[in-house]
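So the chains spell out like this:
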Amino acid sequence: QSTWAVSPVEIRELDLGALDPGIHRLWMLLSEDALGQPLRVPMIVIRGSNPGPVLGVTSAIHGEEVNGIPLVHNLVKRIDPARLCGTIVAVIVANVVGYNRHVRDFHGAVDLNRVFPGKAVGDPADQYAYAFMERIVSKLEYLVDVHTASSHRENSLYCRVDMNFPPAALMARLLAPQIILHNTGVGGGSLRETAQARGIPAITVEVGDPLTFQPRFIRHALNGLFNILNHLCMLPLSAPAAPLGAHEHPAICGQSKWLFTQCGGILRVRAKITAWVEAGEVVATIKSIFGDVVAKITAPFTGIVIGRATNPVV
């Protein structure tokens, strides 16, 4: 495998054609903070020795969602540029502001994944998102955007994807998650939606829980990435296909709904992650501070549990 560069190189533009075959560690300059210091995202670009597609993998667009970081590291370790057809562009931490503060949002409690494609002239989040799109995402042909649950919640391993866009739907199936959720994302300002509006097949994969590394989920997601690489013919025919693992037949859902409590108290969620529940089934209860049940929360329709709250204080 090619030798790593001695130190990362700072860049302002991503010119893939100018990169030699090999593994490149880069700092991409996107904007500046209030002190005029650079805001740079860490990237790893694996430039294959043979022509082929450009696959992007982005991680931590919410600063507390870190399972994607070891996913990128493990992917890079397993790729030999001499045998790779095409290029992998991996953004290790997309939201460096939130990551450094161990929080979900960008400056000023702004959800960065709601402001894409951003603006060249706008507030700091707009400018950051605009530069991210123009300097990185515009170079991609496919995109896997890696997330986790937010704080005080836990998730299954699931994909959000527009199932009406066949190339993206196939990517979701190849990733082999526990659940695939059809979601067009129209009007949401997400990275996935914005990439797809530019013709880039894109999926969002939710890899477990925030602020922790979960080897089982990371391993399954890595296998899924190799399934996608194999399908795109980016790996040699002699390379064995990654096993689909435990999720060869994911549940495919046409809609989802958050359930919220209408009163304060102590929450107990009965339904487990990936459990099937019937319409009207009690999935959670609320107790008063004295231990009396004051509310029951029921499933609005028959479905599967994608994620749930972990903080009992509501």
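My aim in this report is to walk through the structure given alongside it, one point at a time. (Residues numbered from 1 in each chain as written. Predicted model: local features only at pLDDT ≥ 70, side-chain atom pairs only at ≥ 80, totals over all residues. Heavy atoms only, no water.)

## Some thoughts on helix α3 (residues 124–135)
- Taking 1.5 Å per residue as the helical rise, α3 with its 12 residues ought to reach 16 Å, and the 16 Å between its terminal C-alpha atoms agrees with that figure.
- Turning to α3, its buried residues number three or more, namely Ala 125, Asp 126, Tyr 128, Ala 129, Ala 131, Phe 132 and Met 133.
- Contact partners of the buried residues in α3: β2 (22–32), β3 (38–47), β4 (50–59), β5 (85–91), α2 (96–101) and α5 (191–197).
- Where α3 begins, the side chain of Asp 123 points an oxygen toward the backbone nitrogen of Ala 125, at a separation of 3.1 Å. (Helix = DSSP H or I, 4+ residues; strand = E, 2+ residues; numbered from the N terminus. Expected span 1.5 Å × (residues − 1). Buried < 20%, exposed > 50% of the residue type's maximum accessible area, 1.4 Å probe, protein only. Contact = heavy atoms within 4.5 Å. Polar contact = N/O pair within 3.5 Å; in protein donor to acceptor, adjacent residues only side chain to side chain.)

## Details of the packing of helix α1 (residues 68–77) against helix α6 (residues 215–231)
- Interhelical geometry of α1 versus α6 gives an angle of 50 degrees and a closest axis separation of 10 Å. One way to sum up the angle between α1 and α6 is to call them oblique. The handedness of the crossing between α1 and α6 is right-handed. Residues Pro 70, Leu 71, Asn 74 and Leu 75 of α1 pack against Ile 218, Ala 221, Leu 222, Leu 225, Phe 226 and Leu 229 of α6. (Axes fitted to C-alpha atoms, helices over the stretch in contact; angles between N-to-C directions. Parallel < 35°, antiparallel > 145°, perpendicular 65-115°, else oblique. Left-handed = near helix turned anticlockwise from the far one by under 90°.)

## Quick notes on the sheet that holds strand β15 (residues 293–298)
- Spatial strand order, β12-β14-β15: three strands in an open sheet with antiparallel pairing. The open sheet has two free edges, formed respectively by β12 (266–269) and β15, since each of these has just one partner strand. Strand after strand, the sheet turns through a mean of 20 degrees between neighbouring axes, direction not considered.
- Relative to strand β14 (residues 282–287), β12 runs antiparallel, the two sharing four bridges. Each bridged residue has a counterpart across the sheet, and for Arg 268 the counterpart in β14 is Thr 285. (Pairing = 2+ DSSP bridges.)

## Side note on a nonpolar patch on the surface
- On the surface, Ile 266, Ile 289 and Phe 290 cluster together into a nonpolar patch covering about 380 Å² of accessible area.
- On the secondary structure map, Ile 289 appears in the loop between β14 and β15.
- The exposure class assigned to Ile 289 is exposed, which follows from its relative accessible area of 68%. (Patch = residues over 30% accessible without salt bridge, like charges linked within 9 Å, V, L, I, M, F, W, Y side chains within 5 Å. Areas by Shrake-Rupley, 256 points an atom, 1.4 Å probe, with all protein chains shown as cover. Salt bridge = Lys/Arg side-chain N within 4 Å of Asp/Glu carboxyl O.)

## Side note on the packing of aromatic side chains
- Under the defined criterion, the tally for this structure stands at two aromatic pairs.
- Where Phe 106 meets Tyr 128, the ring centres are 4.8 Å apart and the plane angle is 50 degrees; that geometry is what we call tilted. Taken together, the positions of Phe 106 in the loop between α2 and α3 and Tyr 128 in helix α3 put the pair 22 residues apart, joining distant regions of the chain. Of the two residues, Phe 106 and Tyr 128, neither departs from the other in class, the shared state being buried.
- For the cation-ring pair, Arg 153 lies above Trp 258, with the distance from its terminal atom to the ring centre recorded as 4.4 Å. (Phe/Tyr/Trp six-rings, centres within 6.5 Å; stacked < 30°, edge-to-face > 60°. Lys NZ or Arg CZ within 6 Å of the ring centre and 35° of its normal.)

## A closer look at the packing of helix α4 (residues 166–175) against α6
- Axis separation between α4 and α6 bottoms out at 7 Å; the angle between their running directions is 135 degrees. The angle between α4 and α6 places the two elements in the oblique class. Both α4 and α6 take part in a crossing whose hand is right-handed. Taking contact as the criterion, the partners of Leu 170, Met 171, Leu 174 and Leu 175 in α4 are, on α6, His 220, Ala 221, Gly 224, Leu 225, Asn 227, Ile 228 and His 231.

## Comments concerning the environment of Cys 159
- Note that Cys 159 resides in strand β8 (residues 157–161).
- Put simply, Cys 159 and Ile 179 are 20 residues apart on the chain and 6.4 Å apart in space, counted from C-alpha to C-alpha.
- If we ignore the near neighbours within four places in the chain, the residues touching Cys 159 are Ala 172, Leu 175, Pro 177, Ile 179, Ile 180, Leu 181, Ile 203, Thr 204 and Val 205.

## Let's talk about the pattern of salt bridges
- Under the counting rule described, the total for this entry stands at six salt bridges.
- For Glu 65, the salt bridge is made with Arg 104, and the minimal N-O distance between the two is 3.2 Å. Taken together, the residues span a long stretch of sequence, with Glu 65 in the loop between β4 and α1 and Arg 104 in the loop between α2 and α3 at a distance of 39 residues.
- Classification of Glu 65 by relative accessible area gives buried; the value is 1%.
- Put simply, Arg 198 and Glu 134 hold a salt bridge, and the shortest N to O gap is 2.8 Å. On the criterion of sequence distance, the pair formed by Arg 198 in the loop between α5 and β10 (202–207) and Glu 134 in helix α3 is long-range, its members being 64 residues apart.
- The class of Arg 198 is partly exposed, set by a relative accessible area of 39%.

## Some thoughts on the environment of Phe 132
- Examined against the element boundaries, Phe 132 turns out to sit in helix α3.
- You can call Phe 132 buried: its relative accessible area is 1%.
- As a C-alpha pair, Phe 132 and Phe 116 span 16 residues in sequence and 9.0 Å in three-dimensional space.
- Leaving out residues up to four positions away in the same chain, Phe 132 has contacts with Leu 30, Thr 58, Val 91, Ala 94, Phe 116, Val 137 and Leu 191.

## Some remarks on the side chain of Asp 162
- When you line up the elements, Asp 162 lands in the loop between β8 and α4.
- For the buried Asp 162, no salt bridge exists, and the shortest N-O distance to an oppositely charged side chain is 6.4 Å, to Arg 192.
- In this structure the side chain of Asp 162 is engaged in a polar contact, spanning 3.1 Å, whose partner is the side chain of Gln 196.
- Contact partners of Asp 162, with chain neighbours within four places excluded, come to Ala 168, Ala 169, His 182, Asn 183, Thr 184, Arg 192 and Gln 196. (Lys, Arg positive; Asp, Glu negative; His and termini not counted.)

Keep in mind these values describe shape, not function.
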